[in-house]
Amino acid sequence: MSVATKSMTAPPSPSRLSILWASSVGKKALMAVTGILLSLFVLGHLLGNLQIYMGRDSTGAYLINKYAEFLQKSTGLLWATRIVLLVSVLVHAVAGIQLYLAKQSARPIPYQQKTNVNSTTASRTMIWSGVLILFFVVYHLLHFTTGTVHPDFVQGDVFHNVTVGFRQGGAVVAYLVAMVALGFHLRHGLYSLFQSLGAGNPAISKNVFNWAAVVATLIALANISFPLAVLAGLVRG
Amino acid sequence: MKLTLDIWRQKGAAGPGRFETYSVEANEHMSFLEMLDVLNQDLISQGKEPVAFDSDCREGICGMCGFVVNGVPHGPDNNTTICQTHMRHFRDGERLRLEPWRAAAFPVLKDLVVDRSAFDRIIQAGGFISVRTGSAVDGNSILVPKNDADRAMTAAACIGCGACVAACPNAAAALFTGAKITHLGLLPQGAPERIDRALNMVAQAAKEGFGHCTTIGECEAVCPAKIKLEVIARMNGDFIRGVFKKREEEAVAGGA
Amino acid sequence: MALNSGIPSGPLDKKWSTAKKEMKLVNPANKRKYTVIVVGTGLAGASCSASLGEMGYNVLSFCFQDTPRRAHSIAAQGGINAAKNYQNDGDSVYRLFYDTIKGGDFRAREANVYRLAEISANIIDQCTAQGVPFAREYGGTLANRSFGGAQVSRTFYARGQTGQQLLLGAYSALARQIAAGTVKHRSRTEMLELIVVDGAARGIVTRDLVTGKIESFVADAVVLATGGYGNVFYLSTNAKGSNAMAIWRAHRKGAFMANPCYTQIHPTCIPKSGDYQSKLTLMSESLRNDGRIWVPKKKGDKRSPDQIPEDERDYYLERIYPSYGNLAPRDVSSRQAKYRCDEGLGVGPSGLGVYLDFTQSMQRLGQKVIAERYGNLFEMYEKITGENPYRVPMRIYPAVHYAMGGLWVDYNLMSNLPGLFVLGEANFSDHGANRLGASALMQGLGDGYFVIPYTIGDYLARAGRPKVDAGHAAVKDAEKEARGRTEKLLGINGKRSVDSFHRELGNLLWENVGMARSKESLEVALKRIPEIRAEFWKDLRVLGSGSEVNQELEKAGRVADFFEFAELLAWDALQRNESCGGHFRVEYQTPDGEAQRNDAEYAYVAAWEWKGEGQRQVLNKEPLVYENIQLATRSYK
Ligand SMILES: Cc1cc2nc3c(=O)[nH]c(=O)nc-3n(C[C@H](O)[C@H](O)[C@H](O)COP(=O)(O)OP(=O)(O)OC[C@H]3O[C@@H](n4cnc5c(N)ncnc54)[C@H](O)[C@@H]3O)c2cc1C
Ligand code: HEM
Ligand code: HEM
Ligand code: SF4
Ligand code: F3S
Ligand code: FES
C-alpha cells in the first residue's frame, strides 16, 4: 500500500474517536467504555444508598443524609461526575439507538418464522431495557434530585425523600420495572462489554457470562430492596 | 414419513415471493436435500417448476447449501449444514417452513437461493496474506506453536455458508469476518498485515450492509463449522488496536 | 496425428531446469497486454489465476459455484504429499517420484511425475506462507502422517480438512489479485463452449447462471482447470456440480481426450442407502491406519458383528496382502471388497458393504486416542448413518472417486490445441492408471503455482498470434452453438427429469464399466449408452426458461455431455486389453486375481481425437518411454 505518498497529500486524518464512532465495532467499543462508567456509577450509587439501612449515627443524623451532604459539598467532584455521566449516557444511548436503527436496514425483509436457539432474552432486548433505563433516569431525577414529582420533597433530607417517596404504589411499580430492566441490561451488558473490547478468550468468557448474571441480579435485587423495604415498613422515617 | 412443507417461492431477484405448500413422502435415511430432490422430481412430473436451492458437496464442507428451516438456519440439527441433516431428526406428519437467508447483503436470487458474493468482497478487502508465488521461505523456517496452529485451524474451518448472518438478529457478518481475522492473525505469517486486515475487512462488512454484533450468540449456536464467539472478540480487539496504531503509523509516515 | 509430448532431453533430474532455461519470457511491461482465461477456481485454477494475475497478466476467471472458494477441491480430507523428508525417514524427490509412478501402475509419464515430485516441496512452503494452518508438532515444526501406497511419512495435513485449507489459501491469493484488479472473476458462470480460431484456443462462451445471458470472452490463451468427470457414474464422492462439460466441449473442438477409462474407485465410502441417494460420502483413507477390514466367513451371516467370533471373520486384506495389509492401495482394496460382496459375504441391508472395525484398536489405544485421530470422521459417519462407530463397526463400500484420465497435455500442460492449457484433475498427466492418496492436491497446486506461470509465458512469447475480435466469425459461431444447445434442451418438452436419465446412465456404467470390466459388459454399455442418450434427447423435461436461475437446465447440459463422454470411456476401456490400476478387465488377471498389465502392447497413453458427430473417435498413441525405471509388477503383498 502506498502509505507514504497518500499521507503526504491527504488532509489531516480524523481523530481516533471519530474513526471509532464511524464504525459499528468502534461504536460498540465506546458503548462498552461508557457502559463500564455507567455501571460503576450504578454500583457506587447502590453502595451509597445502602446507608439507608444504617439508620442514624450518634448525633442522631441519618448516615445517608450525611453522606449526601458530603457529596453536595464536594462540588468539583460532583460536577465532574455529573458531566462524565451525562456524556456517557449521551454517547451510550445515541450509539445504541443508531446501531438499533442500522439493524433494521441490515434485514429489511423479516423472517416469517424465527426461532432462537441459544441466546438470552436479555441480549435480544438491550435497546428496550436501555430505553426504559433512560426514561427511568429522567423520572428518577425529577423524583429525588429536583423533587418535581415528589409529594413532599425536602432538599437535603435524602432519608425523608426516599421513605416518603416509596410510600406511593405508583412510584414503587415504576422502580420495580426499571430495576428489572436494569438487571436485564446488565446481565448482558456486563458480559458483552468484554467481547466488545476484544477480550473473548473462551476460558474466561464462560465465567464472565455467568458472573455477569450474578452481579446483575445482585444489583437489581439490592436496588429493588429499597422501595420494598420502605413499603413493607422496614425502613421508617 | 409424510411431511408438509411451506416453501418460499420467488421467481427472480426482483420478483415478489410467497410461501407455497407442498407435501412430500420421505424416509428417515434421506438427507434433507435428498428429501427436496424427491419433492422436485414430483414437481417436475406434475409439470411444476422445481424448487431452486443451492448445494454442491453435500457433505458439509463447501458451504454452498443453506436455508432456514422452522426459523433455524440449516435446520434443527444444530452445528450441522442442511445437506448433512438427515430426516431422522423429523417426525412423521411434521410441518416445516423453508425460508431463504434474509439479509440486505444477501439478496434472494430465486426461491431459496441467495447471493453471498458480499462475503467474497470482505475477503478481498484483506482476508489474505500477501505473499508472492515462489517467494515463500521453507515451511519449517518459521516455527508456529502447536497451540496457535490449532487455534488458527479452528477458526479457519469456516465454510462461508452465511448461516451466522442468517441467524443473527442484526444480520451481522461478525462471526464470518472474525473467523478469518482470527485465523490469519494467530499465525506469525499473518502478523504483519494484522492491523490493516481488521480495519479493512470490518469496513467492507459495513459497506456491504451487514449489521453489527451485540454478542447475541445465535450465530455460534448454528455455525456448522463450530466457530466460537472468541473470533469476534479478536476482531474487535484487532480493530480497536488498529485504530490507535494506524494513527501512530501515519504520524511517522509524515502525515497528519 | 503425431503427438509431441515436448519432454526436454537430458537426465530426468535436469529436465525441468533445462526446460525453464530454454523458455522464452514475456517482458513485464507486455504481460498486461495478454489476456488469459482461466476456467475453474479449484486448487489448480485458483493457484493459476492468482499467480498469473500477480505476474501482471490480465486474467479472466470463472466458476459455476456462487464463489470461487466452493470448488470441489474444498472436500479433500486426507492431505497433500511433499518430498520434504522432514521425518528423516528416507524420503526424497526420487522416492516420491517412484511411488507415484508405481502407484499409477506404470502408466504415467516419467518426466511429468518427476517434476511434480521436485516442486512438491515448494508447494508446502507457499501454502504455509499463505497461512494454511497445517498440523504442527509441539516444537512448532510441520507434522506429517502416512498414507496408502507409501512407506514413508510425507503427507502434510490440516486436520481432516486439508483440501479446504489449501483451497482457502489459493482462494485468498486469488481474492488479493481480484482486489488488485489483475484478475476479473465471475462466479455462477458456466463455460458452454470453447472458441477456436485458426486452430488455437482463443476464448470461451459462457452462460450467466443467474440471468441466463450467453456471452463470449476472447483471450490469448485459455486454461481449463475444471476438475474430474467422476460424476459420469451419477453416484460418486464428487460434488453434485462436478462435470465434464468444459473438457468435453474442448474435446469436440479438437483437444484429445486421454485415458478416459482410468477412473479411481475409493475403497472407504459410506454404502448407498437407497435409490434417492444423491451422492456418496468418502471416509478418509487414513481410517485404514487403525481400522481392520473384515467380512463374515459364512455367507448370509445375519448376526450382528459383535456376535461373530474372531475365527468366523475374514480379515481378507491382511490375509492376502500381509505386508501392506489394510493399507493396500485403493484399487486393490476396492476390488477385494467387491469380490467379497459378489461372493455373498457383504454386510448391511443391501449386502454391499464390509466392516471397518475399530474395536481392537480402541482396546489397544483407548477410545480417547481413536477419538482424537478420527473424531470428526466418526461424527460424520454417525450423522449420515445414524450408527455410532465407537460401538458398531463402520460399514464401508467402494465408490467412484477420482478421474485419472482427462484432456491430453504435453510437458508444458498444453493440449494439442495451441493455447489450450489444462491443469489439475481435468488433465491426464501425472497419475497414470491409479492415483495415490494425497497426490491430487499436490498436482493441482503444482500445476497452478509452479508450472503454468513458466509454460504459458513461453507459449505467449512465441505464439505471435493476432488479437481476436469479439465479432470474429468463430466467436459468433461458438456462441450460436451454445445458444442452440440451450434452446434445444429447453425445447424437448418430454416427460423425464434430468436426474432420472443421469441415474440410469450412472447405474449402467457402475454395473458394466465399474470396478471390474469385461468385453461383454463393455459391449452392453456401448449398446445401451446411445439408446439412453437418444431417449434423453427425445423425452427430457426441463421446465422454466433460459433467462433465469434454472438448475435443471444446468444439469441437463452437463448430463448431455456425460452421455457422449460415457461412450468414449467405455470404448477406451474396451480397447485397453489389459488390467492396470483403476482399469480392471476380468479377462486380464493373474491366477490370484491381481491386475495383469501388458506392457508390450499397452504402455501408451490413449489420446482420442474427435471426428465429428456420430463418428468413433480416432486413437492416437503416445508411447510411454521409461528411461529411468524398470517396469515391474506392482506388488503389495
Ligand atoms: C471427497 C474427496 C476427497 C479427496 N481427498 C483428497 C486428498 O486427501 N488428497 C488429495 O490429494 N486429493 C484428494 N481428492 C482429490 C482432489 O480433491 C481433487 O482431485 C482436486 O482437488 C481437483 O482440483 P481441481 O482444481 O483440478 O478441480 P476442482 O477443485 O474440482 O475445481 C473445478 C473448478 O472448475 C469449475 N468448473 C468446472 N466446470 C466448469 C464450467 N463448465 N464452467 C465454469 N467453471 C467450471 C468449478 O466451478 C470449479 O471451480 C479428494 C477428492 C474427493 C472427491
Ligand atoms: C445506567 C445506565 C446504563 C448502563 C449501566 C448500561 C450498561 C451497558 C453495558 C455495560 C453495555 C454493554 C456494552 C457492550 O456490549 O459493549 C450496554 C449495552 C447497551 N446499552 Fe446500555 N447501559 C445503560 C443505559 C443505556 C441506555 C440509556 C440505553 C439506550 C437508550 C442503552 C442502550 C444500550 C444498548 C442498545 C446496548 C447494546 C449495545 C450493543 O451491544 O451493541 N443503555 N449497556
Ligand atoms: C431503588 C434504587 C435507587 C434509589 C433508592 C436511588 C436514590 C437516589 C436518591 C435519593 C438520589 C438523590 C441524591 C441527592 O440528591 O443527593 C439519587 C440520585 C440519582 N440517582 Fe438514584 N437511586 C436508585 C437507583 C438509581 C439507578 C438505578 C440509577 C441509574 C440508572 C440512578 C441514577 C441516579 C442519578 C443519575 C442521580 C443524580 C445524581 C446527581 O445528583 O448527580 N439511581 N438517587
Ligand atoms: S462462521 Fe460459521 S455460520 Fe458463518 S459462514 Fe462461517 S461456517 Fe457459516
Ligand atoms: S448472533 Fe449476531 S449479535 Fe453477534 S454474537 Fe452472533 S453476530
Ligand atoms: S452442500 Fe456443501 S456444505 Fe452443504
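In the block above lies the structure referred to throughout.
So, a few notes on the structure that sits alongside this text. (Residues numbered from 1 in each chain as written. Chains lettered and ligands numbered in written order. Predicted model: local features only at pLDDT ≥ 70, side-chain atom pairs only at ≥ 80, totals over all residues. Heavy atoms only, no water.)

**So, the coordination of the iron atom of ligand 3**
Residues and elements named next belong to chain A.
Move 1: Summarising the metal site, the iron atom of ligand 3 is bound by the protein donors H45 (NE2) and H140 (NE2), whose distances to it range over 1.8 to 2.1 Å.
Move 2: Taken together, the 6 donor atoms surrounding the iron atom of ligand 3 define angles of 87 to 180° at the centre, an arrangement classified as octahedral. Of this pair, H45 sits in helix 3 (residues 24–49) while H140 sits in helix 7 (residues 126–145); the two residues are 95 residues apart in sequence, bridging distant segments of the chain.
Move 3: Assessed through its relative accessible area of 33%, H45 is described here as partly exposed. (Donors = N, O, S within 2.8 Å, 3.2 Å for Na, K, Ca; no water. Tetrahedral: all angles 85-135°; square planar, octahedral: opposite > 155°, others 65-115°. Helix = DSSP H or I, 4+ residues; strand = E, 2+ residues; numbered from the N terminus. Buried < 20%, exposed > 50% of the residue type's maximum accessible area, 1.4 Å probe, protein only.)

**Side note on the site of ligand 5**
Move 1: Around ligand 5, the surrounding shell consists of C168, N170, A172, C213, T214, T215, I216, G217, E218, C219, L229 and I232 of chain B.
Move 2: Here the residues of the shell around ligand 5 are counted per class, giving 7 nonpolar, 4 polar and 1 charged. (Near = heavy atom within 4 Å. Nonpolar A, V, L, I, M, F, W, Y, C, P; charged D, E, K, R; others polar.)

**Considering the pairing of strand 12 (residues 292–296) of chain C**
Residue and element names in this part refer to chain C.
Move 1: Burial analysis of strand 12 places 4 of its 5 residues in the buried class, the great majority of the element.
Move 2: Here strand 12 pairs with strand 14 (residues 354–357) via 3 bridges, running antiparallel. Paired with W294 across the strands is Y355, a residue of strand 14.
Move 3: The sheet contact formed by strand 12 and strand 13 (residues 313–314) spans 2 bridges and is antiparallel. Among the inter-strand pairings, P296 is bridged to a residue of strand 13, identified as R313. (Pairing = 2+ DSSP bridges.)

**Quick look at the sheet that holds strand 7 (residues 200–208) of chain C**
Residue and element names in this part refer to chain C.
Move 1: Pairing is antiparallel in the open sheet, where 3 strands are placed in the order 6-7-8. Both edges of this open sheet fall to strand 6 (189–197) and strand 8 (214–218), since each of them pairs with a single strand only. Neighbouring strand axes in the sheet, compared pairwise and without regard to direction, differ in orientation by 25° on average.
Move 2: Pairing of strand 7 with strand 8, which is carried by 5 bridges, proceeds in the antiparallel orientation. Looking at the pairing, G203 lines up with V218 of strand 8. (Axes fitted to C-alpha atoms, helices over the stretch in contact; angles between N-to-C directions.)

**What to know about the side chain of R576 of chain C**
Residues and elements named next belong to chain C.
Move 1: Inspection of the secondary structure puts R576 in the loop between helix 16 (551–575) and helix 17 (599–602).
Move 2: By relative accessible area, R576 is classed as buried at 1%.
Move 3: Sequence-distant contacts of R576, defined by excluding residues within four places in its chain, comprise R107, N259, C261, Y262, H583, R585, Y602, Y604 and A606. (Contact = heavy atoms within 4.5 Å.)

**Examining the packing of helix 3 of chain A against helix 9 (residues 169–196) of chain A**
All names here are of chain A.
Move 1: Interaxial distance between helix 3 and helix 9 falls to 9 Å at its minimum, and their mutual angle equals 130°. As summarised for this structure, helix 3 and helix 9 are arranged oblique, according to the angle between their axes. Every pair of crossing elements has a handedness; the one defined by helix 3 and helix 9 is left-handed. Across from K28, A29, A32, I36, S39 and V42 in helix 3, the residues of helix 9 making contact are L182, L186, L190, S192, L193 and S196.
Move 2: The class makeup of the residues in the contact of helix 3 with helix 9 is 8 nonpolar, 3 polar and 1 charged. (Parallel < 35°, antiparallel > 145°, perpendicular 65-115°, else oblique. Left-handed = near helix turned anticlockwise from the far one by under 90°.)

**Section: the interface of chain B and chain A**
In many analyses, interface size is given as the accessible surface area lost on bringing the parts together.
Move 1: Counting from both sides, the interface comprises 51 residues of chain B and, opposite them, 47 residues of chain A.
Move 2: Summing both partners gives a buried area of about 4000 Å² for chain B against chain A, and 58% of it is carried by carbon and sulfur.
Move 3: Run the count over chain B and chain A and you get 0 salt bridges.
Move 4: Counting across the interface, chain B meets chain A through 20 residue pairs in polar contact (both at pLDDT 80 or more).
Move 5: If you list the elements that add at least two residues to the side of chain B that touches chain A, you get strand 5 (95–99), helix 4 (163–167), helix 6 (194–207), helix 7 (218–222) and helix 8 (230–252) of chain B.
Move 6: Each residue belonging to the side of chain B that touches chain A can be placed in one class, and the counts come to 29 nonpolar, 14 polar and 8 charged. (Buried area = accessible area lost by both parts, 1.4 Å probe. Salt bridge = Lys/Arg side-chain N within 4 Å of Asp/Glu carboxyl O. Polar contact = N/O pair within 3.5 Å; in protein donor to acceptor, adjacent residues only side chain to side chain.)

Nothing here speaks to function; it is geometry throughout.
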